[in-house]
Every structure is written in C-alpha cells, then in structure tokens.
Amino acid sequence: MTHVLLTGFEPFDGAGVNPSWQAVQRVATTPPDGSSLTTAMLPVVFHDAIARLRAAVEEFGADVVICVGQAGGRPGISVERIAINLDDARIPDNKGTQPVDEPVVADGPAAYFSTLPVKACVAAVREAGLPASVSHTAGTYVCNHVFYGLMHLIASGRPGVRGGFVHVPYLPEQVERGVIRSSTITLAGSPDPVPTT
Ligand code: PCA
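In this report, we go over the structure that sits alongside the text.

Calculation criteria
Residues numbered from 1 in each chain as written. Predicted model: local features only at pLDDT ≥ 70, side-chain atom pairs only at ≥ 80, totals over all residues. Heavy atoms only, no water. Pairing = 2+ DSSP bridges. Helix = DSSP H or I, 4+ residues; strand = E, 2+ residues; numbered from the N terminus. Axes fitted to C-alpha atoms, helices over the stretch in contact; angles between N-to-C directions. Contact = heavy atoms within 4.5 Å. 1 Å grid on protein atoms, 1.4 Å probe; cavity = no way out; pocket = protein on both sides within 12 Å on 5 of 7 lines; lining within 4 Å. Points joined across faces, edges and corners; volume = space filled by probe spheres on them. Phe/Tyr/Trp six-rings, centres within 6.5 Å; stacked < 30°, edge-to-face > 60°. Polar contact = N/O pair within 3.5 Å; in protein donor to acceptor, adjacent residues only side chain to side chain.

## So, the sheet that holds strand E3 (residues 64–70)
Thought 1: Taken in spatial order, the six strands of this open sheet run E2-E1-E3-E8-E4-E7, and their pairing is mixed. Strands at the two margins of the open sheet, each flanked by one partner only, are strand E2 (35–42) and strand E7 (132–135). On average, adjacent strands in this sheet sit at an angle of 25° to one another, irrespective of strand direction.
Thought 2: Lying on the sheet, helix H2 (residues 48–60) is in contact with strand E1 (2–9), E2 and E3; it crosses E2 at an angle near 155°.
Thought 3: Helix-sheet contacts for helix H3 (residues 118–127) involve strand E4 (77–80) and E7, and the interaxial angle to E7 is about 165°.

Printed below as a string of structure tokens:
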C-alpha cells in the first residue's frame with residue numbers, strides 16, 4: 001500500500017474558493033487502487049505553509065507527497081518539473097507578507113527537480129481527456145515556495161519519499177464570475193504560461 005499525502009491551498013487574493021482544494025478533495029473520495037490517501041489544506045502564507053506541510057508529512061509518514069495549487073491563467077493542468085529557491089511575491093500572502101527577492105531556504109541549492117515521473121503524469125491526464133503539460137516554472141509565490149520546501153524536506157532526510165507539484169487552472173464558475181484580472185490572462189497555447197502571481 002502506497003501512502004499518498006495530497007495537499008491543496010486555501011483561497012487567496014480575495015477569492016472565495018481555491019480549485020486546488022476542491023481537486024484534492026475529489027481525488028480523496030476515490031483513491032487509486034493500492035494507495036491510501038491523506039489530504040491537508042495549506043495556508044497561502046509564506047513559511048507557515050511549509051511548516052504545515054512538514055507537520056503533515058511527519059504525522060502521516062507519506063511515501064508520495066503531491067502538492068496542488070491554482071494557476072488561474074493557465075489553460076490546463078501543469079505538472080511542475082522544477083522548484084527554485086526564490087520568493088518574489090507580486091501580491092501579499094494571506095497574512096500580508098510580501099517577500100521580494102528572498103530565498104526560500106537561506107544557503108539552499110538554487111533549485112530542485114520534482115521526483116514524480118512528470119511526463120508520465122502528463123500522459124495519464126491527457127489519456128483521461130484533460131489538457132495537461134509539463135511546466136518549467138511554478139512561479140515565485142507560495143506554490144513555488146511550498147514545492148521548494150517539500151523537495152528540501154525530502155532532500156534533508158527523507159530520501160525514500162517522492163514529491164512534486166501540480167498546478168490546476170480556474171474552475172469554470174470562477175471564470176464565469178469574472179475573477180480573471182487582466183494581469184492574469186495568459187493566451188491559450190502560449191508556450192510558457194505563467195502562474196497568477
Ligand atoms: N496558487 C498560488 C499560491 C496558492 C495557490 O493556489 C501560487 O501559484 O503560488
């Protein structure tokens with residue numbers, strides 16, 4: 001039995017929902033065969049989010065950890081390949097903190113790669129009929145921060161754990177309600193769409 005920890009985020013930037021949490025809850029209702037699934041909601045707060053993630057990993061002892069976040073302007077599901085050691089927030093987090101040009105981990109390596117099979121993940125999502133691609137930027141906001149924190153946690157003493165990050169786009173109703181701001185719109189088909197923040 002593979003123990004999987006799936007995390008999503010609370011809403012941020014004035015939104016009432018975060019589709020990452022809805023996606024995670026949906027998966028939890030039907031765990032894949034041979035796996036047991038635990039979910040945790042992370043705050044959209046620099047450093048607090050990594051602390052919550054670390055506590056969940058310690059509590060559940062997961063074999064695989066997949067963190068999920070919203071990247072509203074993207075046209076499909078993005079399986080992130082790389083986390084960088086940089087916090088550079090365009091907007092404040094949910095506690096009002098807005099780090100600019102700061103490392104996630106002082107003296108940490110510049111970047112970590114996901115240890116998920118990113119291309120196989122994309123192929124599986126496409127097979128299920130949804131648009132998906134490998135992404136080479138998780139941004140520089142709380143999602144990249146958590147992704148880097150996860151991979152640093154694994155590198156610092158949990159070598160058997162596989163970890164990675166997935167961005168999901170807006171829910172249809174978020175788009176219908178007009179939550180997309182001009183700064184977040186990304187052209188469908190753009191080779192390197194950026195996250196919302
Ligand atoms: N998306 C933000 C943080 C939380 C979320 O769901 C991001 O892409 O950094």
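## Some thoughts on the layout of surface pockets
Thought 1: The space that makes up the largest pocket amounts to roughly 940 Å³.
Thought 2: At the level of secondary structure, the elements contributing two or more residues to the lining of the largest pocket comprise E1, helix H1 (19–29), E2, E3, E4, H3 and strand E8 (162–168).
Thought 3: The element best represented in the lining of the largest pocket is H1, accounting for six residues.

## With respect to the packing of aromatic side chains
Thought 1: For the coordinates displayed, the defined rule picks out four aromatic pairs.
Thought 2: One aromatic cluster in this structure is built from Phe12, Phe46 and Tyr141.

## Things to note about the side chain of glutamate 80
Thought 1: With respect to the helices and strands, the residue glutamate 80 is situated in strand E4.
Thought 2: Among the polar contacts listed, one links the side chain of glutamate 80 to the side chain of arginine 74, at a separation of 2.7 Å.
Thought 3: Those residues in contact with glutamate 80 that lie beyond four places of it in its chain are Arg74, Ser114, Val118, Ser135, His136, Thr137, Ala138, Phe147, Phe165 and His167.

The values are spatial; any link to function lies outside them.
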